[in-house]
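Results of the structural survey
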Amino acid sequence: MSGPDVRHAGWAIGGPGSRLRRRRNPVWLVLALVIGIVGAVAAAYGIAGLVSGTAPGSDEIVGEGMVAPLGGAPAAGARFTAPDGTAHTIWLRVDGMDSRARDTIVASVVCTVERPGRAPSQVRGSRQMNAAVVGDLATVGGFTAGGGENVVACRHEVFGQLRLRDRLRTAHPFVVAPGDPSAGILAFAFLFGGLAAIAGAGVLGVFWHRGRVRPHGSGETM
Amino acid sequence: MGILRRLADRAVDKMDALGRPSEADLARLSPAERARDAYWQERAAAARVGREFTGPDHRLAGRVLQGPAGEVVHGVRQPEPAPDPVRDEARWEEVMLAERAARDRAREPYLAPVRHPITIDRVATRGVGGWGEVTDYLAASGLAASPHLVYGVYRVPDRINPGLTGERGGVVEWDVVHAAEGPTARAAVPVAVRLPAEQRWVLRSVGRPSVLDEDLVVAVTALAGVGPERMLGISRDLRMTSSGGGDGDGPGSVVARVVGVGFIVPAGAEAAAVAEVVRRAPVQVPEGAPSDVHIAVLEWDAIAQAVHPARRERPRMPSPFPYLPATPQELLRAYLEVVGVDPADTHGVQVTYDEPMDLLGRSTGRSWLRSSYGGDKIMCADGTARGRLAGGEHIVVVYRDRPEYVEGRDRFAAYAREVLRADLDRAGHMRGAVPKRTPALLRAAERVGDVVMFFSDDSAGSGPPPPRYCWPPAG
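Residues numbered from 1 in each chain as written. Chains lettered and ligands numbered in written order. Predicted model: local features only at pLDDT ≥ 70, side-chain atom pairs only at ≥ 80, totals over all residues. Heavy atoms only, no water.

**Focus: the overall build of chain A**
When helices and strands are tallied, chain A shows 3 helices and 11 strands. Taken from the N to the C terminus, the helices and strands of chain A come in the order β-α-β-β-β-α-β-β-β-β-β-β-α-β. Buried residues in chain A amount to 36% of all 222 residues. Taking all contacts inside chain A whose residues are at least 6 apart in sequence as the whole, residues at least 24 apart take part in 77%. Carbon and sulfur atoms form 59% of the exposed surface of chain A, whose accessible area is close to 11900 Å². (Helix = DSSP H or I, 4+ residues; strand = E, 2+ residues; numbered from the N terminus. Buried < 20%, exposed > 50% of the residue type's maximum accessible area, 1.4 Å probe, protein only. Contact = heavy atoms within 4.5 Å. Areas by Shrake-Rupley, 256 points an atom, 1.4 Å probe, with all protein chains shown as cover.)

What follows is the structure, given as structure tokens:
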């Protein structure tokens, strides 16, 4: 509200009466679009990964076995046939466990994988960055199968607090299913990275929309 | 019986005298508090002699607004039922101009015998480059070569597009008040000098009067030998900060703060002389009002509360109090025309703030209008309509004094009293005493408190800012 006392004189930088146009740099818009599209694709990929990266269904399980109790006799391992070079994941059944005991039990699992045509491999539950827990299954770790019959034998080893030690003296069932245990984490990374890129594209879009009024000249200040 | 009565009267007088503040106590009061004290003294005196007190209601004592607006704003009486506000823009303009014409007629008897033309050109700047762009405008318009025709240049104290974050990339308007008939040939770009408020430019000890922004500029330019005829304007540097205002977050706040003062002088020897004075700071600034220079500070905010309470909308038309000016620029023009100020005598004119002021907190009306969003789109200087939060607390006019201006100020006082029914002079409220510095331990505790308040978003507990340009105190 300026009233009759005030005369509108345009932009200061254009001199009296100027009506300068706001100039928008298309580079910002293109950058915003590219980053936005890349972000959207990444987020979609992440969502798809999360949807498909859930715990294996019963039809996907290729082998089942028991984790031998701490100090006990070896238990029955999982036997399955797989093509050479395929990624597999060992999942521990953790239904009914409280989260603290579950983490200790998962971390105490050590599995030996006998693979045709490849050196035996050891998978430790304590060596994964984070155990992915989906439903009543938690990941112990992943390995690459050899072509033919593979054997996975697991046992509990000493790990964690003494008061939880008794929980390791019990055998726990495990299963083997194709897939990479880090797929879930990767999916999360794609999702959040994608969302961040979309947000960044929004900021660039604001920059583009705001534009610049090109200076006619600049005054001197002290 | 007569003796007993005399004794009783004497006892009552002595008791009155005991409760009466001393001269020293009165000197510490603000003019408004002194006015209230005088009011109650007068009322008590009337009661003592059994005389009926005929003065105004006690709720108006020491207030800026008296008369009908004061009575309504301060709750002495209920407002009259008002006609529906005009929404149509063309009709709004028509009503506004008709009311304005009536106010102009009411002002005519008070006008100075010799007056100078007054034009207020409003220009848009990009928030980040206001000073530089305004100096460029002064050069492009040729006004920089005629500082004797320029009353002043100031940043318009409104917040444009208050819903957007920050002012840096937004639009900030400036008013150039001058007496030139039209643009002339391009002149050299003048120099804007900015003095940040948190820097100690003046040495003042505890209890001494603090420094008014314009006191500092007048002192600096006087030391540099730059008279008002060579000054292009003074503008307090304002910073507007927004917070809150989201869903469930209350109405939020848009706080205007003075963070410094700037002034514009022609380039060349004068600018060099000013730079030298600034370089040799601290500056010798006389205590109190400078001699030979008059700094008029007029209250605008109280009038705005009466005529423009919903700051996100245009002022309501018909005005609830059509005898009051609708904009601060109208009041500024009235002052210049009634006192008859010559632009060659002005150091600067401006509509600005003193203390930090929450513009949303000043706004009444519908609750959604108190948020950062909503309200009327109002035409800006660049020809684009935008949301606007109208601001401004004071009008400051700084000019070299002359005997004819003393008469002019008497005329303006009469105009304010008789027509506007208001006591607008705020100059006596400025330059409060420099307070004691908080001990280091308490300062540390305050800093912790500031951090806590920052995260709890509770700014209500923050104390008044320290005085500008003279903090910390000397000695």
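**Some words on helix 12 (residues 403-420) of chain B**
Residue and element names in this part refer to chain B. With 18 residues, helix 12 should reach 26 Å at 1.5 Å per residue; the first-to-last C-alpha distance of 25 Å fits that figure. Among the residues of helix 12, those classed as buried are Y405, G408, R409, F412, A414, Y415, A416, V419 and L420. Residue R421 follows helix 12 closely and has a positive phi angle near 50°. (Expected span 1.5 Å × (residues − 1).)

**A closer look at the environment of B:V226**
Residues and elements named next belong to chain B. As for its placement among the helices and strands, V226 is situated in the loop between helix 7 (213-223) and strand 6 (233-243). C-alpha separation for the pair V226 and P266, spaced 40 residues apart in sequence, amounts to 9.7 Å. Not counting chain neighbours up to four residues away, the residues in contact with V226 comprise T221, M231, V265, E270 and V274.

**Re the pairing of strand 10 (residues 172-178) of chain A**
Residues and elements named next belong to chain A. Burial within strand 10 is extensive, with 5 of its 7 residues counted as buried. By the bridge criterion, 5 bridges tie strand 2 (residues 63-68) to strand 10 in an arrangement that is antiparallel. Within strand 10, the position partnered with G63 by the bridge is V176. For strand 4 (residues 87-93) and strand 10, the ladder comprises 5 bridges, and the chain directions are antiparallel. (Pairing = 2+ DSSP bridges.)

**Structural notes on the pattern of salt bridges**
One pass over the structure, following the stated rule, counts 49 salt bridges over all chains. Residues B:D158 and B:R388 are paired through a salt bridge, measuring 2.8 Å at the closest nitrogen-oxygen approach. Of this pair, B:D158 sits in the loop between strand 2 (150-155) and strand 3 (159-160) while B:R388 sits in strand 12 (residues 385-389), placing them 230 residues apart in sequence. Connected via shared salt-bridge partners are A:D5, B:R100, B:R103, B:D104, B:R107, B:E330, B:R333 and B:E337. (Salt bridge = Lys/Arg side-chain N within 4 Å of Asp/Glu carboxyl O.)

**What to know about the confidence of the model for chain B**
All names here are of chain B. In this model, chain B carries a mean pLDDT of 87, and residues with pLDDT of at least 70 account for 88%. This model gives residues 246-250 a pLDDT under 50, and the stretch forms 3 contacts once residues within four places in sequence are excluded. For residues 366-371, every residue scores under 50 in pLDDT, and the model assigns this stretch 19 contacts once sequence neighbours within four places are set aside. Complex prediction metrics read pTM 0.71 and ipTM 0.85. (pLDDT = per-residue confidence, 0-100.)

**Some thoughts on the nonpolar core**
Note that soluble globular proteins tend to have their nonpolar side chains buried in a common cluster. Residue and element names in this part refer to chain B. Of all hydrophobic cores here, the largest spans 45 residues; its most connected members are L324, L331, V397, F412 and L424. Listed by contribution, the elements that provide at least two residues to this core are helix 4 (67-73), strand 2, strand 8 (293-299), helix 9 (301-307), helix 10 (328-339), strand 9 (346-352), strand 13 (394-400) and helix 12. Apart from the residues lying within four places of it in its own chain, the contact partners of L331 are L298, E299, W300, I303, P325, I395, F412, L420 and L424. Within the second largest apolar cluster, 35 residues are counted, among which are V202, V211, L212 and I234. (Core = buried A, V, L, I, M, F, W, Y, C linked by side-chain atoms within 4.5 Å.)

**Focus: unusual backbone geometry**
All names here are of chain B. The linkage connecting A281 with the following residue, P282, adopts the cis geometry, with an omega of 10°. By the secondary structure assignment, P282 is in the loop between helix 8 (269-279) and strand 8. Of note, the amide linkage connecting W471 to P472 takes the cis form, showing an omega dihedral of 0°. Looking at the element boundaries, P472 is found in the segment after helix 13 (440-456). Although it is not a glycine, N161 adopts a positive phi angle of roughly 50°. Here N161 is to be found in the loop between strand 3 and strand 4 (171-178). Unusually for a residue other than glycine, R421 sits at a positive phi of about 50°. With respect to the helices and strands, the residue R421 is situated in the loop between helix 12 and helix 13. Given a relative accessible area of 39%, R421 falls into the partly exposed group.

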